[in-house]
Amino acid sequence: MSGRLSLRSHPWLMDHRIRNTALLPGTAFVELLLSAGRELGCDGLDELLLRDPLLLPMDGSAVEVQVSVEPANAEGARPAAIFSRPVGEKSWLRNADGILADANTAVPPLEADVSVMAGAVELPAEGLYTDLLDLGYGYGEAFQGVRSGAHEGDWAHSRIVLPEAARVNHRGFAIHPALVDAALHAAVRCGLLGEAAAGNISVPFIFSGVRIGQDPEKVAADQCYAVARRVAPDAITLTLADDDGRLLLSVDRMVVRGLALPGPLRTSTRPHCMRWRGTRSPARRARTEQAARTARTPRSTVCASSPVTTARSRKLCARPHAAGSRSPPSTRR
């Protein structure tokens, strides 16, 4: 699956920034793999490990994106990888590794309990994004989806509505990345992903057990209720449901890591202007990479377009490549 991505083709991505640098949200990586999985009959994502951030040039120039999916291994898992490079450059950056779920093992419950817990304290939406900006999270209008919230202990509840600014080139998603990203904001503000303090930035690192509840061809969700629950100092579970309690998305576990910002970032688009810090969860990473190493050599990768990439995406077929390669498969028209 190959295409191009830019702030011109998807202007709502301009509203996802750390300081003054726009970067693709982790939830968009989830969407890319879910889109690839739908082409192959895989209804879920067992694991996604984010390696390096995908920075979007602030001048609107495009980034090429490729998703490579291997044939199913003996356990029915399909290892996958996401690569990117600025248009015109030769070398590729491997941004993420994942494992797509076999369709027979990815059946989520049809309903979800997203009711407010008794004794919860209201988390007003007014001032929420000002507070998050003070902490270092630059959410523009397209990502300011929280309309109300509540908090109790290790639990956070929020009402999310997709802002109008995000409804540009937004059709065809399994679930809109801005809607899912907004479902994390109450958890961030309440400290469920680490102590809420200026400069203490936490970003998604691993998504495990991601399942879609409603058929995206029939249900184009633009609002939801979200519940986040802390299950470890650096991890939460996440559930999104519609107004009738029908499941839209569930994440068994999302692990975060710290992002160190080396001073003010203005308009730099260099891919190494930020660095990661924190622990890596070696066991989960080993599971992802082991599946990639043991998969059979593919005959081809899935060829399709994704709503995350530009509508003018080229449909490319990939030649076989080594499963552990840091570069994407070569392509032919």
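This paragraph deals with the overall build of the chain. Looking only at helices and strands, the chain has five helices and 18 strands in total. Here the analysis covers contacts within the chain between residues at least 6 apart in sequence; of these, 70% occur between residues at least 24 apart. Summed over all atoms, the accessible surface of the chain reaches about 14,500 Å², with 48% contributed by carbon and sulfur.

Attention shifts here to the packing of aromatic side chains. What characterises a pair of aromatic rings is the spacing of the ring centres plus the angle enclosed by the ring planes. Summed over the entire model, instances satisfying the criterion amount to four aromatic pairs. With 6.1 Å between their ring centres and 80° between their planes, Trp 12 and Phe 173 make a pair best called edge-to-face. One end of the pair, Trp 12, is in the loop between strand S1 (2-5) and strand S2 (16-18); the other, Phe 173, is in the loop between strand S11 (155-161) and helix H3 (177-182), with 161 residues separating them in the sequence. Each member of the pair, Trp 12 as well as Phe 173, carries the same accessibility label: buried. On the basis of an interplanar angle of 5° and a centroid distance of 6.0 Å, the ring pair of Tyr 137 and Tyr 139 is categorised as stacked. This pair shows no difference in class: Tyr 137 is buried, exactly as Tyr 139 is. Ring pairing ties together the aromatic residues Trp 12, Phe 143 and Phe 173, which thus form one cluster.

The complete set of buried residues in helix H2 (residues 128-135) reads Leu 128, Tyr 129, Leu 132 and Leu 135. In an axial view of H2, the angular spread of the buried residues amounts to 110°, which keeps them on one side of the axis. Turned more than 90 degrees from where H2 packs its buried face, Leu 133 and Asp 134 sit exposed. Contacts made by the buried residues of H2 are with strand S9 (137-139), strand S10 (146-152), H3, helix H4 (185-189) and strand S12 (201-212). The positive-phi residue at the C-terminal boundary of H2 is Gly 136, with phi of around 115°.

Here Asn 95 shows up in strand S7 (residues 93-101). A distance of 3.5 Å separates a polar side-chain atom of Asn 95 from the backbone oxygen of Pro 53. In contact with Asn 95, other than residues within four places in its own chain, are Phe 29, Leu 49, Leu 50, Arg 51, Asp 52, Pro 53, Leu 54, Ile 82, Phe 83 and Ser 84.

With that settled, consider the sheet that holds S9. Overall, antiparallel pairing links the three strands, which are arranged S3-S2-S9 in an open sheet. Strands at the two margins of the open sheet, each flanked by one partner only, are strand S3 (21-22) and S9. Judged from the three bridges that link them, S2 and S9 form a sheet pairing that is antiparallel. Of the residues in S9, the one forming a bridge with Ile 18 is Tyr 137.

In this model helix H1 (residues 26-40) runs 22 Å from its N-terminal to its C-terminal C-alpha over 15 residues, within 8% of the 21 Å that 1.5 Å per residue would give. Of the positions making up H1, those classed as buried are Gly 26, Thr 27, Ala 28, Phe 29, Val 30, Glu 31, Leu 32, Leu 33, Leu 34, Ser 35, Ala 36 and Gly 37. Residues of H1 that are buried make contact with strand S4 (44-50), strand S5 (63-69), strand S6 (78-86), S7, H3 and S12. Gly 41 occupies a position one or two residues after H1 and carries a positive phi of about 80°.

By size, the foremost hydrophobic cluster in this structure holds 78 residues, and its most contacted members are Leu 48 and Leu 240. With seven residues, the single largest contributor to this core is H1. Counting seven residues, the second-largest nonpolar core is a separate cluster that includes Ala 112, Trp 155, Ala 241 and Leu 247.

Locating Ala 142 in the fold gives a position in the loop between S9 and S10. With 36 residues separating them in the primary sequence, Ala 142 and Ala 178 have C-alpha atoms 7.1 Å apart. Beyond its immediate stretch of four places on either side in the chain, Ala 142 contacts Trp 12, Asp 15, Pro 163, Ala 165, Ala 166 and Ala 178.

With that settled, the discussion passes to the confidence of the model for the chain. In the predicted model, the chain carries a mean pLDDT of 78, and 71% of its residues have values of at least 70. In the predicted structure, residues 310-325 sits below a pLDDT of 50 and forms 45 contacts with residues beyond four places in sequence or in another chain.

Applying the stated criterion to the full structure yields 12 salt bridges. Ionic pairing is found between Asp 46 and Arg 211, a salt bridge with its closest N-O pair at 2.8 Å. Here Arg 211 lies in strand S12 and Asp 46 lies in strand S4, a separation of 165 residues in the sequence. With a closest N to O distance of 2.4 Å, Arg 51 and Asp 97 form a salt bridge. In this pair, Arg 51 sits in the loop between S4 and S5 while Asp 97 sits in strand S7, placing the two residues 46 residues apart along the sequence. Per residue, the accessibility class of Arg 51 equals that of Asp 97, and both read buried.

Rules used throughout
Residues numbered from 1 in each chain as written. Predicted model: local features only at pLDDT ≥ 70, side-chain atom pairs only at ≥ 80, totals over all residues. Heavy atoms only, no water. Helix = DSSP H or I, 4+ residues; strand = E, 2+ residues; numbered from the N terminus. Contact = heavy atoms within 4.5 Å. Areas by Shrake-Rupley, 256 points an atom, 1.4 Å probe, with all protein chains shown as cover. Phe/Tyr/Trp six-rings, centres within 6.5 Å; stacked < 30°, edge-to-face > 60°. Buried < 20%, exposed > 50% of the residue type's maximum accessible area, 1.4 Å probe, protein only. Arc of directions from axis to C-beta. Polar contact = N/O pair within 3.5 Å; in protein donor to acceptor, adjacent residues only side chain to side chain. Pairing = 2+ DSSP bridges. Expected span 1.5 Å × (residues − 1). Core = buried A, V, L, I, M, F, W, Y, C linked by side-chain atoms within 4.5 Å. pLDDT = per-residue confidence, 0-100. Salt bridge = Lys/Arg side-chain N within 4 Å of Asp/Glu carboxyl O.

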